[in-house]
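# Analysis of the macromolecular model
Single-letter residue listing:
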Amino acid sequence: MATALARPITFPDMGFSDQDQDGNTALLELDRGLKSSRTGEQCEAISKFPALFEKYPFPILINSALLKLAEVFRQETPGSNFVRVCVVEVVESCGRHLDKLINVDEFLRRITTVMHSNDPLARALTLRTLGWMSGVVGENRRVQHLIREALDAKESVELQAAIMAAEKYAAKSKTFAMNMCERLIHMIGGLATPVDVKLQLIEVFQHMHHDAETAATVRSLCLELLKEYPTQRVVITTLHTLTQLAAHILVDIPQQVELLIGYLDSETRVGVREAVLGELGYLASAAPHAWSGQNVDTLVRFTASCCTPNPHHASAATTALTVLATLTAAPSLPRVPLSSDCALVGLCREAVFDGNIRVACRALQVFTNIAIYVHEEQKNSELCEEAHCAALSLLQTVFGSTQQGDAALDETAVPMGLRTCLVCAVLLARTKPSIMNDLAVTLTDTLSDNLLSVCGCQLVCEALASLGGSRKDVLTPHLPPILKLMQKLTHEAPLNAHKTKLMVTLATLVLQVYHSHVWSGPAEAVVVAASKCVNQWAAFCIARQASRYGHHSLACGMYNVLSWRVCSDQQHFWVSALAELSAGEASPTSQNQGASDDRAHLLTQANTHLHRALSSLKAASTASQPMTFCQEYVRLRAETFMCHAQLLHACLSLRTAPPPAIAASLATSARDDLLRCGRVSQQLAKSARDFNNLASQYGTLYQSVFDADPQTLCNLALLQQGSLLVAQAIEIITRPSAGQITEDFSGPDLTTITGKLGGGDTVESQSLITTLEEATALVRRLAQVSIEVKPVREQHLQLLQGISQVITSVPLPYPRFFFQTLQKTTITLALLPQPRTPGDPISVQTSSQLAVKVEGVIGHGKRPGLFRSVRSVTLTVNSVIQNRPQHTLDMKIEPNEMLTQTVEPHNDFFAAQFLLGFPIPGVYQVSVDTSVTDSSDDAWQTGPRHTLTVKSQEDPASKASVSQAPRQAPPTQYGPSGSQGAPPGPPPGVSVLPPPPGSSTTTQPMAQIPQFTLSRPGM
């Protein structure tokens, strides 16, 4: 059983299906398994708790589940230690949810009971459980005392568990770290302590960085250990501890680098040198800004001394160059003067031509980083050209190391260093167009020579695709060898997986070449033949790439063929929607364009195709894949075409419906020159409002796509600017003060937009930017004409038609987010209270308030935070009365209320509470809207939106007080109406005592009123 502590237990994927909608039901089912008398069933139930925590990460459920696990951990049954091992693994794997534990003391009470057991393995498991709980109970003195006592254990398994727990608590508690320092020093210096235990105790010192005094004490102690225990294991462990300590303190990093480099110079043991280089690499990635120039120069001298033909030195040189590459790739470079004649550049010039390809590739990485930094900061491209020449030379060396026969035998063989050389060459090529052209020539010649294997050709084609996606027309001169290779692969059909992937990449290169160009017949035939010789998925990838680069006519034919070769209705509707979408986008870009009415017909036809695509997308949507972005994007594109068609019809209305004869007199009387134009002015004003509304909807869609890639965001921003540009062009001639606002018209600031989003460096965005620049030039011309000629004339309308044609005649590249989601972020909300029966309202009284608790969980996909991450969540609660009673309309009370609260998630969990009042009886709709803010302070309306129905009822106590209000009227209203001077009768509820004997029954004066006795409550 002791070996179970040495190796981790990995639970299989035993999660819950989508049908499990209630976390309490799932917890009850697992509870039945925990109470089973069979150890296997207990362990199976325990293994499902991590999946339960991930699906329902709410504090109440997690608190209940952890208490149940603690109870199982406490029980003494046959096989209980194995059950405890499973509980320890659950606690370890669910560390991010442990801070949601509410009853911490009760959990500790159940766990620490096992510390009194006579079984050392049980005590060891308890210590490990407490160790993983250090983030929650790190400052608990009782637990710290248990760990301190356990360090005196004689059993090895218990001692190792105590050391592990001590390491965890030293990282969390400053008090524990300071108190344990002397104890650890005594144990390390003790002769009875085994060497393995001493090594484990040394690793505890890396967490004692809570204050400078303790850190200095620990550092001096570790330096003494290096002198007293020069064995390899102790030196490696101590240096690692010092490195981790320096990375947290930061001020000791230069001294630590000097210490490590000193060991590089003096040590001859290979294991120590490799460990030292690994520690230097960690410091280079953790805190590159803390390195001094002297540290870098010392490392450069060591690297230069290792660049020898000795194979043992080559490994050290490769690792040292990797450290330098990490330093030079950091955003904040060390304090090193980088120039063309510095020592670091001289080292790169020598090492990049080293006979060892590994050393040369690492040197090329360093050279590339320095050249790009100098180009960006000092605006000097000489180093870029020199590094490019070195990269081409190294590429030729790598290509020459591959024999043609070897490439034919093994399709997966890739030359050593090919990927690194291609990455560096592409990065250098983006700095200068001439370098990009030279690289494209070298790579296409390599494809023509047929020296590489299929996987090697794949890497070369990916590099060419990176070049073609960065700058337009860079691959145009090299189209013939690409088409020739595609034809060769087509004749070899059927293709295996590697050749199929290569075919898709080659088709992408051809699509990049013909982006914004007219297709030639042979090239189109080659692409169509390639789509037919591959499998359906590869054919869909080619069609998808055609849509992304704006070749909608070509993509439409491929989608129509694929729509009947799918295996489900959902996929059929999805591919059919893409076919209709491509047909709609291809309609306005057809070559045979006639008059304006013909173009309006083409736009209307495109709108019809897009609405059909929208219907198919709705049919393809499911609960797990709602396709919200696709539907909204297609809807806005359809509305865009319709707005442009209406604009063209409005421009034609000046001819078809000229102004009436009385237009001049109407304009004079109304003092509005636009009335001279008749109907066209009203239609243009409506078109301006439509385009402004369209731009607003593009902005709303932009704010809703939190997971979109930068190119997709740039696409949406440019489409929004296109709509605003048309609206501004219309307003130039429809506003009365047009001449005053158009003299300094500059158009949209596209450079700022693309610079902020970071998606303007692709050919797809460049084509949209070029289109908007052409339209902006026409708008400037329209502004000048509107100053000279007033009001609306045929010249204005022709320019408006030209602007519309420029924007709609360029094929739109569809963004990547339309087809593929690289980052996935979901937010799940849970509202309390909930009605007992779904759909029923929650009843409250008007005199009370309702506390609404909102708990939320942020879920992530496979690559969380790829583009942006959630920094804070804003919750907005709105309560709106639905049917206000008539008798409350005169009450000056505002029933509606809106509250906002911003919370920062902790371990992807957040919670907030709101106190809502419902002062007027009626039915209220309470809605909770969610928005997030990323690390750049950009707000995103991600949702979700949850609603509650609340029914407010009048308080019975307030009803009674209102009903008793008339009874407290003054007594005069109860007097008889006929007697003027008679005293009023007693009010209701007042008893009258009989007069005493002998008294008269005549009316007494007002002074006799005290003879009435009022009944008081309780009498």
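Let us look at the structure shown here. Treat the numbers as computed from the prediction; the structure is a model and nothing was measured. (Residues numbered from 1 in each chain as written. Predicted model: local features only at pLDDT ≥ 70, side-chain atom pairs only at ≥ 80, totals over all residues. Heavy atoms only, no water.)

### Side note on the overall build of the protein chain
Of regular secondary structure, the protein chain possesses 41 helices and eleven strands. Counting the 1019 residues in the protein chain, one finds 49% classified as buried. Total accessible area on the protein chain stands at roughly 48,800 Å², and carbon and sulfur atoms take up 53% of it. (Helix = DSSP H or I, 4+ residues; strand = E, 2+ residues; numbered from the N terminus. Buried < 20%, exposed > 50% of the residue type's maximum accessible area, 1.4 Å probe, protein only. Areas by Shrake-Rupley, 256 points an atom, 1.4 Å probe, with all protein chains shown as cover.)

### Concerning the packing of helix α7 (residues 120-132) against helix α10 (residues 156-172)
Running from amino to carboxyl end, α7 crosses α10 at an angle of 10°, the nearest separation of the two axes being 8 Å. The angle between α7 and α10 places the two elements in the roughly parallel class. The segment α7 lies against α10, with Pro120, Leu121, Arg123, Ala124, Leu127, Arg128, Leu130, Gly131 and Trp132 engaging Val157, Glu158, Gln160, Ala161, Ala162, Met164, Ala165, Lys168 and Tyr169. Partitioning the contact of α7 with α10 into residue classes produces twelve nonpolar, two polar and four charged. (Axes fitted to C-alpha atoms, helices over the stretch in contact; angles between N-to-C directions. Parallel < 35°, antiparallel > 145°, perpendicular 65-115°, else oblique. Contact = heavy atoms within 4.5 Å. Nonpolar A, V, L, I, M, F, W, Y, C, P; charged D, E, K, R; others polar.)

### Here's the deal with unusual backbone geometry
Generally, phi is negative for residues other than glycine and the peptide bonds are trans, each holding for most cases. Cis geometry marks the peptide bond from alanine 493 to proline 494; its omega dihedral reads 0°. Along the chain, proline 494 turns up in the loop between α26 (479-491) and α27 (497-513). A cis amide bond links leucine 832 to the next residue, proline 833, at an omega of 5°. Residue position: proline 833 is located in the loop between β1 (825-832) and β2 (842-845).

### What to know about the pairing of β1
Burial of β1 is one-sided: the residues Thr825, Ile827, Leu829 and Leu831 facing one way are buried, the residues Thr826, Thr828, Ala830 and Leu832 facing the other way are not. By the bridge criterion, eight bridges tie β1 to strand β3 (residues 849-860) in an arrangement that is antiparallel. Its bridge partner lying in β3, threonine 825 is registered against histidine 860. (Pairing = 2+ DSSP bridges.)

### Points about the pairing of β2
Burial along β2 is one-sided: Ile842 and Val844 are buried, while Ser843 and Gln845, pointing the other way, are not. Both β2 and strand β9 (residues 945-953) contribute to a ladder of four bridges, which runs parallel. Following the sheet pairing, isoleucine 842 is matched in β9 by valine 950.

### A look at a nonpolar patch on the surface
Nonpolar side chains collect at one region of the surface, where Ile60, Ile102 and Leu832 lie side by side and expose about 280 Å² of accessible area between them. Position of isoleucine 60 among the secondary structure elements: in helix α4 (residues 59-74). (Patch = residues over 30% accessible without salt bridge, like charges linked within 9 Å, V, L, I, M, F, W, Y side chains within 5 Å. Salt bridge = Lys/Arg side-chain N within 4 Å of Asp/Glu carboxyl O.)

### So, the nonpolar core
Phe49, Leu280, Trp291, Leu324, Trp574, Leu800 and Phe818 are the most contacted members of the largest nonpolar core, which has 310 residues in total. Broken down by element, the residue count for this core peaks at 14 residues, all from helix α33 (residues 628-656). Residues in contact with tryptophan 574, not counting those within four places in the same chain, are Phe540, Leu617, Ala620, Met627, Cys630, Phe818 and Phe819. (Core = buried A, V, L, I, M, F, W, Y, C linked by side-chain atoms within 4.5 Å.)

### With respect to the packing of helix α20 (residues 357-378) against helix α21 (residues 382-400)
Relative placement of two packed helices is described by the angle separating their axes and the distance separating the axes. α21 packs onto α20 with a crossing angle of 155° between their chain directions and a minimal axis gap of 9 Å. What the angle tells us is that α20 and α21 run roughly antiparallel. Where α20 crosses over α21, the two elements pack in a sense that is left-handed. Between α20 and α21, the residues in contact are Ile357, Ala360, Cys361, Leu364, Phe367, Ile370, Ala371, Ile372, Val374 and His375 and Leu383, Cys384, Glu386, Ala387, Ala391, Leu394 and Val398, respectively. (Left-handed = near helix turned anticlockwise from the far one by under 90°.)

### Here we look at helix α14 (residues 232-249)
An α-helix turns once every 3.6 residues. As a result, residues three or four positions apart point the same way. Look at α14: 26 Å from first C-alpha to last across 18 residues, which is about the 26 Å you get at 1.5 Å a residue. Those residues of α14 that fall on the buried side of the exposure criterion are Val234, Val235, Thr237, Thr238, Leu239, Thr241, Leu242, Thr243, Gln244, Leu245, Ala246 and Ala247. Against the buried residues of α14 lie α12 (195-204), α13 (212-228), α15 (253-266) and α16 (270-286). Downstream of α14 by a residue or two, leucine 250 has a phi angle that is positive, lying close to 75°. (Expected span 1.5 Å × (residues − 1).)

### Brief notes about the side chain of serine 687
Relative to the helices and strands, serine 687 resides in helix α35 (residues 679-704). Classification of serine 687 as buried rests on a relative accessible area of 4%. With sequence-adjacent residues up to four places away left out, serine 687 is seen in contact with Gln646, Leu647, Ala650 and Ile730.

### Considering the sheet that holds β1
Read across the open sheet, the three strands follow the order β1-β3-β6; overall the sheet is antiparallel. Edge positions in the open sheet fall to β1 and β6 (909-917), since each of these has one partner strand only. Put simply, the sheet's adjacent strands are angled 20° from each other on average, direction ignored.

### Some remarks on α15
Here α15 spans 20 Å end to end across 14 residues, near enough to the 20 Å set by a 1.5 Å rise per residue. Those residues of α15 not exposed but buried are Ile253, Gln256, Val257, Leu260, Ile261, Tyr263 and Leu264. Projected down its long axis, α15 carries its buried residues within an arc of 150°, all on one side. Exposed positions of α15 whose direction lies more than 90 degrees from the buried face are Asp265 and Ser266. (Arc of directions from axis to C-beta.)

### So, the packing of aromatic side chains
The relation between two aromatic rings is expressed through the spacing of the ring centres and the mutual angle of the planes. Under the defined criterion, the tally for this structure stands at 16 aromatic pairs. The interplanar angle of 15° and the centroid separation of 4.5 Å between the aromatic rings of tyrosine 514 and tryptophan 519 together place this pair among those described as stacked. Following the ring pairs from residue to residue traces out a cluster consisting of Trp574, Phe629, Tyr633, Tyr814, Phe817, Phe818 and Phe819. (Phe/Tyr/Trp six-rings, centres within 6.5 Å; stacked < 30°, edge-to-face > 60°.)

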